[in-house]
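Summary of the model geometry
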There are 2 protein chains.
Amino acid sequence: MSTAPACLGHSRVTITPALRAAVDRLDHRSRHQAAYHFGWITAGGAPTSADSGKAVRPALALLSAEAVGAPPEVALPGAVAVELVHNFSLLHDDLMDGDEERRHRRTVWKLWGPSSAILTGDALLALAQEVLLDTGLPTAAPAARLLARTTRHLIRGQVQDLAFEQRSYVTVEECIDMAAGKTGALMSASAAIGAVLAGAPEATVDALALYGDQVGVAFQLVDDVLGIWGDPAVTGKPVHSDLRSRKKSLPVSHALNRGGPLGDELAAWLTTPGEPHEEELRRVAGLIETAGGRDWALAEAARRMALAEDALRGAELHAAARDELLALGRFVVDREV
Amino acid sequence: MSTAPACLGHSRVTITPALRAAVDRLDHRSRHQAAYHFGWITAGGAPTSADSGKAVRPALALLSAEAVGAPPEVALPGAVAVELVHNFSLLHDDLMDGDEERRHRRTVWKLWGPSSAILTGDALLALAQEVLLDTGLPTAAPAARLLARTTRHLIRGQVQDLAFEQRSYVTVEECIDMAAGKTGALMSASAAIGAVLAGAPEATVDALALYGDQVGVAFQLVDDVLGIWGDPAVTGKPVHSDLRSRKKSLPVSHALNRGGPLGDELAAWLTTPGEPHEEELRRVAGLIETAGGRDWALAEAARRMALAEDALRGAELHAAARDELLALGRFVVDREV
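The notes below deal with the structure included here. Treat the numbers as computed from the prediction; the structure is a model and nothing was measured.

**A short note on the relation of the copies chain A and chain B**
Structural alignment of chain A on chain B gives an RMSD of 0.1 Å, achieved by rotating through 180° and translating 0.0 Å along the axis. Overall, the copies show the geometry of a two-fold rotation axis. The position closest to the rotation axis in chain A is occupied by the C-alpha of A141 of chain A, lying 2.7 Å away. An overlap of 100% is found between the interface residues of chain A and their copies at the interface of chain B, pointing to a shared contact surface.

**Regarding the packing of aromatic side chains**
Summed over the entire model, instances satisfying the criterion amount to four aromatic pairs over all chains. For the ring pair F38 of chain A and W40 of chain A, a centre distance of 4.9 Å and an interplane angle of 15° mean the geometry is stacked. The class of W40 of chain A is buried, set by a relative accessible area of 8%. Between Y36 of chain B and W112 of chain B the ring centres are 5.3 Å apart and the planes differ by 85°, which places this aromatic pair in the edge-to-face class. A residue pair is termed long-range when its members are at least 10 positions apart, and Y36 of chain B in helix α2 (residues 28–37) and W112 of chain B in helix α5 (residues 108–112) qualify at 76 residues.

**Observations concerning unusual backbone geometry**
Positioned with a positive phi, H240 of chain A is a non-glycine residue whose angle comes to about 60°. Looking at the element boundaries, H240 of chain A is found in the loop between α10 (232–235) and α11 (241–244). A positive phi angle, near 65°, is found at H104 of chain B, a position not held by glycine. Take H104 of chain B: it is sitting in the loop between β1 (101–102) and β2 (105–106). For H104 of chain B, a relative accessible area of 72% corresponds to the exposed category.

**Describing the interface of chain A and chain B**
If you look at the interface, chain A gives 33 residues, while chain B gives 33 residues. When chain A packs against chain B, the two sides together hide about 3,000 Å² of surface, and 72% of this comes from carbon and sulfur. Along the contact surface separating chain A from chain B lie eight residue pairs in polar contact (both at pLDDT 80 or more). If you list the elements that add at least two residues to the side of chain A that touches chain B, you get α2 (28–37), α4 (76–97), α6 (114–133) and α7 (140–166) of chain A. Take the side of chain A that touches chain B: its biggest share by element is 13 residues, from α7 of chain A. Within the side of chain A that touches chain B, the residues separate by chemical class into 17 nonpolar, six polar and ten charged.

**Considering the environment of I288 of chain A**
Residue and element names in this part refer to chain A. Relative to the helices and strands, I288 is located in helix α14 (residues 278–290). Under the relative-accessibility criterion, I288 is labelled buried at 0%. C-alpha of I288 to C-alpha of S253: the two residues are 35 residues apart in sequence and 9.4 Å apart in space. Excluding its chain neighbours within four sequence positions, the residues that come into contact with I288 are I228, W229, L243, P251, V252, A255, L266, G293 and R294.

**A word on the environment of S49 of chain A**
When you line up the elements, S49 of chain A lands in the loop between α2 and α3 (56–67). Remark: the alpha-carbon pair of S49 of chain A and Y36 of chain A, spanning 13 residues in sequence, is separated by 9.8 Å.

**Looking at the side chain of S249 of chain A**
Residues and elements named next belong to chain A. Locating S249 in the fold gives a position in the loop between α11 and α12 (250–257). The class of S249 is buried, set by a relative accessible area of 2%. Filtering out sequence-adjacent residues up to four positions away, S249 remains in contact with C175, D224, I228 and D242.

**Some details on the nonpolar core**
Core analysis: the biggest nonpolar cluster contains 199 residues, and L84, L147 and I193 of chain A together with L84, L147 and I193 of chain B have the highest contact counts within it. Apart from residues no more than four positions distant in its own chain, I193 of chain A is found in contact with A61, S64, G78, V82, L132, A143, L146 and L147 of chain A.

**Re the pattern of salt bridges**
When their charged atoms lie close together, side chains carrying opposite charge are able to pair. All told, the structure shown has 40 salt bridges over all chains when counted by the stated rule. Of the charged contacts, one joins R152 of chain A and E130 of chain B as a salt bridge, the two residues approaching to 2.6 Å between their closest N and O atoms. Taken together, the residues span two chains, with R152 of chain A in helix α7 and E130 of chain B in helix α6 (residues 114–133). Each member of the pair, R152 of chain A as well as E130 of chain B, is classed as buried. The salt bridge partner of R335 of chain B is D223 of chain B, with a shortest N-O separation of 3.2 Å. With R335 of chain B in the segment after α16 (319–333) and D223 of chain B in helix α9 (residues 202–229), this residue pair connects regions lying 112 residues apart in the sequence. Relative accessible area serves as the criterion here: at 30%, R335 of chain B is assigned to the partly exposed category. On the basis of relative accessible area, D223 of chain B is assigned to the buried category, the value being 18%.

**Looking at the side chain of D94 of chain B**
Residues and elements named next belong to chain B. On the secondary structure map, D94 appears in helix α4 (residues 76–97). The exposure class of D94 is buried, given its relative accessible area of 4%. Apart from the residues lying within four places of it in its own chain, the contact partners of D94 are D99, R102, T107 and W109.

**So, the packing of helix α8 (residues 172–197) of chain B against α9 of chain B**
All names here are of chain B. One can describe the packing of α8 onto α9 by two numbers: an axis separation of 7 Å at closest approach and a directional angle of 145°. The chirality of how α8 crosses α9 is right-handed. Contacts from I176, A179, A180, T183, G184, M187, S188, A191, A192, A195 and V196 in α8 reach V205, L208, A209, G212, D213, V215, G216, V217, F219 and Q220 in α9. Here the residues of the contact of α8 with α9 are counted per class, giving 14 nonpolar, six polar and one charged.

What counts as what
- Residues numbered from 1 in each chain as written.
- Chains lettered and ligands numbered in written order.
- Predicted model: local features only at pLDDT ≥ 70, side-chain atom pairs only at ≥ 80, totals over all residues.
- Heavy atoms only, no water.
- Least-squares fit on C-alpha atoms with pLDDT ≥ 70 in both.
- Contact = heavy atoms within 4.5 Å.
- Phe/Tyr/Trp six-rings, centres within 6.5 Å; stacked < 30°, edge-to-face > 60°.
- Buried < 20%, exposed > 50% of the residue type's maximum accessible area, 1.4 Å probe, protein only.
- Helix = DSSP H or I, 4+ residues; strand = E, 2+ residues; numbered from the N terminus.
- Buried area = accessible area lost by both parts, 1.4 Å probe.
- Polar contact = N/O pair within 3.5 Å; in protein donor to acceptor, adjacent residues only side chain to side chain.
- Nonpolar A, V, L, I, M, F, W, Y, C, P; charged D, E, K, R; others polar.
- Core = buried A, V, L, I, M, F, W, Y, C linked by side-chain atoms within 4.5 Å.
- Salt bridge = Lys/Arg side-chain N within 4 Å of Asp/Glu carboxyl O.
- Axes fitted to C-alpha atoms, helices over the stretch in contact; angles between N-to-C directions.
- Left-handed = near helix turned anticlockwise from the far one by under 90°.

Encoded structure:
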């Protein structure tokens, strides 16, 4: 059994040639911009090897096939497809969120304009389906169907995320539902798609999908805790980063919904215009912590990880691959909080 | 045999319930914006029946199944899917092109902002695949594969279209290739997808695909002639509309590539900044006509229609449906020029 970082490294090496071959099919401009986005070339076109991201989703997809006793090659088109869908959503989300940098490099829309990010994102989404369906496998159709449904949920999550910015109030359920769409849906599809391509029984596929879904939501809960209380040296983001944008993240929604004077104060602060001061950020972080937002989010993440691990342990899976899936989930979620 | 307008009306009536059922699966916001875009509701949400477009692509898809002896129901998910992909491209193109109106109503990005047009477009693209793959038909996978490949070509066409705006010169071949991507690809897939869903032999599918492709390019050639010389009362666009934006359309690219003093004059004019005057537009339209741009485009459209009709006549198809396909193609292309 390999460790999670070794597993991620192996997954990156396994999928990159197939991912590059897929991207090579695109028109000249979309190919160039996608290759830049994936960290393979500089903006000018020179070969490079910038950070391509952790490739968690392809690793889940490859292990998903191994866990049902199939060789990982069976899952390769699925691993490439989930990575393409993930990057379609990054290209479009960076534009919609106005993010100018990703992994310390300028984003595609910032370099080449909004139309480029729209079209290159569109191209990656269509390509994901093409990669799956080109296999000619009898299981390609259910895998492609899973991916299309997942994309619908992913879009729903982003729609909710943008809508919440315009609202003064969100419930915890709405926030969890948004995280399930934005993060859980594609993690779930990734953990299931290898088994779907391998033709595994429905109950096994469902257990793997549940695992990915719960790991995804647990990841988001921890990520949101780090977005308020994370150490900048560890997260790479400014201290209190999510509070600076007055984001209604999961710990905030919990504190908000507790009601009482703390909830009222937080609600008023969330709708206050302007850039908050450092002193103010410390005070609001303390307020959310006092209202139980931090403890709740961490307990909820732990509860979901336990559900995820129970689902995996209850399914008929090959022990070595199952253990790697468990290790990968913990590696993704358990960060220094 | 019904006439082309009756066939289009029948197609619209046939697909609308299935199209609405598909759109109903989307999240609340994407559903609302898609329903507005399709002309089913007002921006405020009241039921209406605004112009939904001609529905040429669904009509081709339904006839495509009938032409190979299958009931049109077999093609229904294909007809819905091509209409969804067409409208995905309209939502994104309207945003990229900055078009504020479509069919005399404000566009989605103009009403609800760029993010809405991006996400609702994304949602329709994913939904197209879901509608096909949900059928569970053994032919759904090749149909979905055709649609994914087609989307790649459609995006290539839009990438070229935007790139040409930045260039001072394009060849006729590049212009034709762009039209084949932007217009031909989805018309081709529409004319073939019913036969694919019906499990027709490859040669028959290829003949139908060729028909749609050539009708699409012929349509674009005629559309570009109307964009310069069309009667505003017929086209609904201002006179010389494509010249106002100094668009390198097909007749322009022909005149440009003829070389000589006319070509040089046109090349210089295309790169002149500013809004052209009415007198100037008349002079340039005359210049393109003298250089043979108009005659060439109409002859090329006629040549492609002949190729299209030969392909259809050479295939093993049911006579009544084939004749309706022929009538539909002519109806789409033969407008008052």
